[in-house]
Amino acid sequence: MDEPALTLSALEKQMVFDRDKLQSIIDGFIVAYHHGLTNDDTTMIPSYVSRLPTGAETGTYLSLDLGGTNLRVAAVTLLGDGKADIEQKKYVIPAELKVGHVEKLLDWVALGVKELLGCLGIQVEIINEKEMYMGVTFSFPIRQTDINRGLVMKMGKGFEPIGLEGQDIIELLQAAFKRQGIKIHISAIVNDSVGTFVANAYKDQNTIVSVILSTGTNASCICQTSSISKHNFPHDSPEYMIVNTEWGIMGMDFLPRIKYDKILDLQSNKPGFQPFEKMVSGYYLGELVRLAMVDYVKNFGLFDGVLPNGLEKPYNFTTKHMSDIGSDKSTEYNVILKIFTEDYNKSPSLDDRRTIHELVLRFSRRSAQLSAAAIASLIKLQCPDFPAVERDIRVAVDGSLYHRFHEYSSWMNKTFREIQRIKEDKRTKIVPVEDGGCMGAAITAMMYSH
């Protein structure tokens, strides 16, 4: 990788997108969606969710959300009128379970479910008599064959459990529950973006797109079942279905990747896999900035040409660092000084701090711009006249990058309005969703429990 180092001004030119560049990205995504619907089994995956909630449903259902960083287990009580209560427990997934044997991972998951039941005062014996229904949100690519059947594909996000790829995750989970003596019936499995879609649709039936912006990124939309021509659905199939785009896999042929994107990709476990995710998601943003800093040490004398202790280690500069730096309003960039003094045993000069701040700003804003363009492309896929649409549209967004990264949602919304060429649009709204994966899985379990 012998591309020249990019100055801050060169980075600005390559990483800030005008309307024409944004439009070319939108067009690239739309081509990729059509390819996925017709030829590619790894994208535009049918979810088999072909009905949406009305908001009037009631009852208590369990859910399990296995994400890139956390496991959430929950009991969701639907109250009707688009409202719900949720009781949940959250666990950080131990690093060793991400690469160990799948049975160890899923036994740990089953213990988390058992612990939730205990905290709620629900005895396993009562569960086993009643047989409660559960929906599972699985934040990784699966090849679904039915609403409660899915074969695990390449996972990403640092996950490589032994014995999981190519297996039916529901069968393995049910076996883990059985080993723990729990009788729970998994009636639905959804991707996290599908779960978020269903969760928001319970509150607002104008939902047509859902997006996850977190450790990873993904999105879902509604497609005519007949347009998913790579599958031979029966003639009596429902007219519409939610489709899991797996848009993180897209973009190798149309995204404007720069030097640091290419280095990160080549050094990753799966080169060529998930180009969009590697440019946008929380798992990779900090590493992109770290790679740029390493390059700046070598070529532009950052840190007086000496790499601080620990910064040579991949993924040792995090997206959390970036958010903290972005939120610092001091003229002396005191947060950068604190981070580098405490974490890297280095006290950077004021000029170094300015450079680091600019690098953080460039990569985080680019991520938000790319996310806005991808959202616009999914709306346009369903509403070809977008942005000139004559209906209410809701885009549901969940994930830590969107909710908690400083100013990310503001940058994304600003770019989205630029794409629309308007200052404000009361009909098309991007709306935040919390706990979309857990809520949506439980609601889907309810819809498919009988």
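Note that this is a predicted model, so its numbers are computed, not measured.

**Brief notes about the overall build of the protein chain**
Here comes step 1: A count of helices and strands for the protein chain gives 16 helices and 13 strands.
Here comes step 2: Projecting the C-alpha coordinates of the protein chain onto the three principal axes gives extents of approximately 70 × 50 × 35 Å.
Here comes step 3: A burial count over the protein chain gives 57% of its 450 residues as buried.
Here comes step 4: Summarising the internal contacts of the protein chain: among those between residues at least 6 apart in sequence, 71% fall at separations of at least 24.

**Observations concerning the packing of aromatic side chains**
Here comes step 1: Across all of its chains, the model carries 19 aromatic pairs by this definition.
Here comes step 2: Taking the centre distance of 5.0 Å and the plane angle of 40° together, the rings of Phe340 and Tyr344 count as tilted. In this pair, Phe340 and Tyr344 are both assigned in helix H12 (residues 334-344), four residues apart and thus about one turn of the helix distant.
Here comes step 3: The buried category is assigned to Phe340, whose relative accessible area is 0%.
Here comes step 4: With relative accessibility at 1%, the residue Tyr344 sits in the buried group.
Here comes step 5: Among the aromatic residues, those joined into a ring-pair cluster are Phe29, Tyr33, Trp247, Phe254 and Phe276.
Here comes step 6: Geometry around Tyr448 places Arg51 over its ring, the cationic atom sitting 4.1 Å from the centre.

**What about the sheet that holds strand S13 (residues 428-432)?**
Picture the strands of a sheet paired through backbone hydrogen bonds; they go either parallel or antiparallel.
Here comes step 1: In spatial order, the strands read S1-S11-S10-S9-S12-S13; together these six strands make up an open sheet with mixed pairing. This sheet does not close on itself; its edge strands, each paired only once, are strand S1 (45-46) and S13.
Here comes step 2: Across two bridges, the pairing between S1 and strand S11 (residues 240-244) is antiparallel. Residue pairing for S11: Ile45 is matched across the bridge by Asn244.
Here comes step 3: Against the sheet, helix H7 (residues 192-203) touches strand S9 (207-213), strand S10 (217-224), S11, strand S12 (393-398) and S13, its axis set at about 135° to S9.

**Considerations on the pattern of salt bridges**
Here comes step 1: Counting across every chain of the model gives 20 salt bridges.
Here comes step 2: Taking the shortest distance from any N to any O, the salt bridge between Asp168 and Arg149 comes out at 3.7 Å. A residue pair is termed long-range when its members are at least 10 positions apart, and Asp168 in the loop between strand S7 (149-152) and helix H6 (169-179) and Arg149 in strand S7 qualify at 19 residues.
Here comes step 3: A residue is classified by how much of its surface remains accessible, and Asp168, at 9% relative accessible area, is buried.

**A look at the environment of Trp247**
Here comes step 1: One can find Trp247 in the loop between S11 and helix H8 (259-267).
Here comes step 2: When its relative accessible area of 0% is taken as the criterion, Trp247 is described as buried.
Here comes step 3: As for Trp247 and Gly305, which are separated by 58 residues in sequence, their C-alpha atoms are 38 Å apart.
Here comes step 4: Residues in contact with Trp247, not counting those within four places in the same chain, are Phe29, Tyr33, Val211, Thr217, Asn218, Ala219, Phe276, Ala374, Ile375 and Leu378.

**Notes on the nonpolar core**
Here comes step 1: Phe29, Trp247, Tyr260, Phe317, Phe340 and Met412 are the most contacted members of the largest nonpolar core, which has 108 residues in total.
Here comes step 2: Apart from residues lying up to four places away in sequence, Tyr260 is in contact with Ala5, Leu6, Leu11, Leu288, Leu291, Ala292, Asp295, Tyr296 and Phe363.
Here comes step 3: With 36 residues, the next largest nonpolar core counts Val73, Leu106, Ile142 and Phe177 among its residues.

**Details of the packing of helix H10 (residues 282-300) against helix H13 (residues 350-382)**
Here comes step 1: Packing of H10 against H13 leaves a shortest axis separation of 10 Å and a crossing angle of 140°. With respect to H13, the element H10 is oriented oblique. For the pair H10 and H13, the crossing hand works out as right-handed. Contacts from Leu285, Leu288, Val289, Ala292, Met293 and Tyr296 of H10 reach H13 at Thr355, Ile356, Leu359, Val360, Phe363, Arg366 and Ser367.
Here comes step 2: Broken down by class, the residue content of the contact of H10 with H13 amounts to ten nonpolar, two polar and one charged.

**Some words on the sheet that holds strand S5 (residues 132-138)**
Here comes step 1: If you walk across this open sheet you meet the five strands as S4-S3-S2-S5-S8, and the pairing is mixed. Where the open sheet ends on each side, the last strands, each with one partner, are strand S4 (83-92) and strand S8 (184-190). Direction aside, the axes of adjacent strands within the sheet are offset by 25° on average.
Here comes step 2: Where strand S2 (residues 58-66) and strand S3 (residues 70-80) come together, nine bridges link them in antiparallel fashion. Paired with Ser63 across the two strands is Ala74, which belongs to S3.
Here comes step 3: In this fold H6 packs onto S2, S5 and S8, with an angle of close to 150° to the strand it touches most, S8.

**Description of unusual backbone geometry**
Here comes step 1: Looking along the chain, the bond that leaves Phe386 and enters Pro387 is cis, with omega of 15°.
Here comes step 2: Considering the arrangement of structural elements, one finds Pro387 in the loop between H13 and S12.
Here comes step 3: If you check the backbone angles, Gln274 has positive phi at about 60° while not being a glycine.
Here comes step 4: Secondary-structure assignment places Gln274 in the loop between H8 and helix H9 (275-280).

**A closer look at the confidence of the model for the protein chain**
Here comes step 1: Of all residues in the protein chain, 98% attain a pLDDT of 70 or more, and the chain-wide mean is 92.
Here comes step 2: Averaged pLDDT values over the elements of the protein chain bottom out at 53 in helix H5 (residues 124-130) and peak at 98 in H9.

**With respect to the side chain of Ser371**
Here comes step 1: If you trace the backbone, Ser371 turns up in helix H13.
Here comes step 2: Setting aside anything within four residues of it in sequence, one finds Ser371 in contact with Leu213, Phe276, Val280, Tyr408 and Met412.

**Some thoughts on the pairing of S11**
The side chains of a regular strand alternate, first on one face of the sheet and then on the other.
Here comes step 1: The element S11 is largely enclosed, with a buried count of four among its five residues.
Here comes step 2: Sheet topology note: the S10/S11 ladder contains five bridges and is antiparallel. Across the sheet, the residue bridging to Cys221 is Val243, located in S11.

The rules behind each value
Residues numbered from 1 in each chain as written. Predicted model: local features only at pLDDT ≥ 70, side-chain atom pairs only at ≥ 80, totals over all residues. Heavy atoms only, no water. Helix = DSSP H or I, 4+ residues; strand = E, 2+ residues; numbered from the N terminus. Buried < 20%, exposed > 50% of the residue type's maximum accessible area, 1.4 Å probe, protein only. Contact = heavy atoms within 4.5 Å. Phe/Tyr/Trp six-rings, centres within 6.5 Å; stacked < 30°, edge-to-face > 60°. Lys NZ or Arg CZ within 6 Å of the ring centre and 35° of its normal. Pairing = 2+ DSSP bridges. Axes fitted to C-alpha atoms, helices over the stretch in contact; angles between N-to-C directions. Salt bridge = Lys/Arg side-chain N within 4 Å of Asp/Glu carboxyl O. Core = buried A, V, L, I, M, F, W, Y, C linked by side-chain atoms within 4.5 Å. Parallel < 35°, antiparallel > 145°, perpendicular 65-115°, else oblique. Left-handed = near helix turned anticlockwise from the far one by under 90°. Nonpolar A, V, L, I, M, F, W, Y, C, P; charged D, E, K, R; others polar. pLDDT = per-residue confidence, 0-100.

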